[in-house]
Amino acid sequence: MARKITNKIVFNHIKVLDAGAKGVSVAKAPDGKVIFIPNVVSGDVVDVQTFKKRKAYYEGKAVRFHEFSEHRIEPVCQHFGVCGGCKWQNMKYSQQLLYKQNEVKNHLQRIGKIELPEFEDILGSKEQFFYRNKMEFGFSNSRWLTESEIESTEDLGNRNALGFHIPKMWDKILDITKCHLQQDPSNAIRNEIRDFANENNLEFFDPRNHEGLLRTLMIRTASTGEIMVLIQFFKENKEKRELLLNFLAERFPEITSLQYVINEKPNDTIYDQNVMLYKGRDYILEEMEGLKFSINAKSFYQTNSEQAYELYKITRDFAGLTGNEIVYDLYTGTGTIAQFVSRKAKKVVGVEAVPEAIADAKENAKRNEITNCDFFVGDMKVVFNENFIAQNGKPDVIITDPPRDGMHKDVIEQILKIAPEKVVYVSCNSATQARDLALMDEKYKVTRVRPVDMFPQTHHVENVVLLERRD
């Protein structure tokens, strides 16, 4: 049964059926259309108030619960439901893994439409909280207010916030007290920066008027115990900047790398900015099987260090190296996978479009005394050609870990032309992975598939596929 309230439809006693895209759950309206509902769990029975109607679906929110799902648990975070970061925190972890495994299977079957082996069980994360090694927070002088605060007639006082952007609200920051994603002292560093800034009248950024001093905070941690903190200032104010940085250095002597950026641009990305070292060194070290990798402020590194190790072990296992193979590592980043498999390969060739990443890869290989890895900068679809292969040798195995958009069709065509015995395809987006697998089906058969959960409490999932040449 449905009723209208101020032009918004309310559907009563709707059973939530499944988890959908981007962590939003799915139900069916009485008219047969799909309803997308956040912050509910498959099995919940709810009244849904819609706030958007489209030709094929509604978007709504649960306004009343009649029955709770057996898969539901109590979220541990006080910010759950407002912060958009951990949308599945109200769902049992075993159920999260089931949905992730099914999503990969559905994408490969429905989009790929290729012959598939039996899937190996998804590898769950040992740590389901405090697993991220990198967090970014925003400063704002106009924090997000709760409904009760908006309705209150009392003076709300200080509106400064240091936390996360509210989903779809570019100018609103939710003030975060405790985040369950990164190990301490992450929470202590963030909270003490906010308190110190308030006590010393350091202006928080005004995103609408583009003014203020404090813009963003990045904290990176490593399994070695090293810590990087980077403060992004909107403008230079030497006295106030040094006041904050000196406080941090004194209060948290365990910080290995203390850095800052002065960024007057409209956006707060730092990749085109000069990063200034204030104290310590300009990188932290991560370690994996005795290999050490330097991570600077701009480096890409898998954000779940412990699970990245498991992902790389699966990748190496799928490659089945004997020590005699030439391996190409496409989209190598800072060369982490390349160096990780190098001990079991004759030679590894890494290719990446970002020059800084390749500089890091070469430096890490030197630090680790690895001599059988060569790294090259360039756009994959341009560099990866016949001349390149003639110079570096025909690969026996290709490992590819492309961005979310998947591989360019020219790269796929080149792989098909070279026809290595094996391709190990690591993906953070099984939909584009499925599309690419279909394009490779003429020459390659998928023989192994294993999803890996890198991000508990979210809908994101990695997937590793082994393709073997059809002879």
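Just above, that's the structure.
To start, this report covers the structure provided alongside it. (Residues numbered from 1 in each chain as written. Predicted model: local features only at pLDDT ≥ 70, side-chain atom pairs only at ≥ 80, totals over all residues. Heavy atoms only, no water.)

## Brief notes about the overall build of the protein
Along its length, the protein carries eleven helices and 22 strands. Taken over the C-alpha trace, the protein has a radius of gyration of 24 Å; the compact-globule value for 471 residues is 23 Å, and the two agree within 12%. C-alpha extents for the protein along the principal axes are approximately 75 × 65 × 35 Å. The 471 residues of the protein split such that 54% are buried. (Helix = DSSP H or I, 4+ residues; strand = E, 2+ residues; numbered from the N terminus. Rg over C-alpha atoms; globule rule 2.2 N^0.38 Å. Buried < 20%, exposed > 50% of the residue type's maximum accessible area, 1.4 Å probe, protein only.)

## Focus on the pattern of salt bridges
Using the criterion set out here, one finds 21 salt bridges in the structure. Where Arg 448 meets Asp 317, a salt bridge forms, and the shortest distance between an N and an O atom there is 3.2 Å. Of the two residues, Arg 448 sits in strand β21 (residues 444-452) while Asp 317 sits in helix α5 (residues 305-319), which places them 131 residues apart along the sequence. Using a relative accessible area of 26% as the deciding quantity, one classes Arg 448 as partly exposed. As a salt-bridge pair, Asp 410 and Lys 409 come within 3.5 Å of each other at their nearest N and O atoms. For Lys 409, a relative accessible area of 52% corresponds to the exposed category. (Salt bridge = Lys/Arg side-chain N within 4 Å of Asp/Glu carboxyl O.)

## Section: the sheet that holds strand β20 (residues 422-427)
With mixed pairing, seven strands are arranged side by side in an open sheet as β18-β17-β16-β19-β20-β22-β21. Each of the sheet's edge strands pairs with one partner strand only, and the pair in question is β18 (373-377) and β21. Between one strand axis and the next, the sheet turns by 15° as a mean value, whatever way the strands run. Where strand β19 (residues 397-400) and β20 come together, four bridges link them in parallel fashion. Residue pairing across strands places Val 397 opposite Lys 422, the latter belonging to β20. (Pairing = 2+ DSSP bridges. Axes fitted to C-alpha atoms, helices over the stretch in contact; angles between N-to-C directions.)

This is a description of form; function is not addressed.
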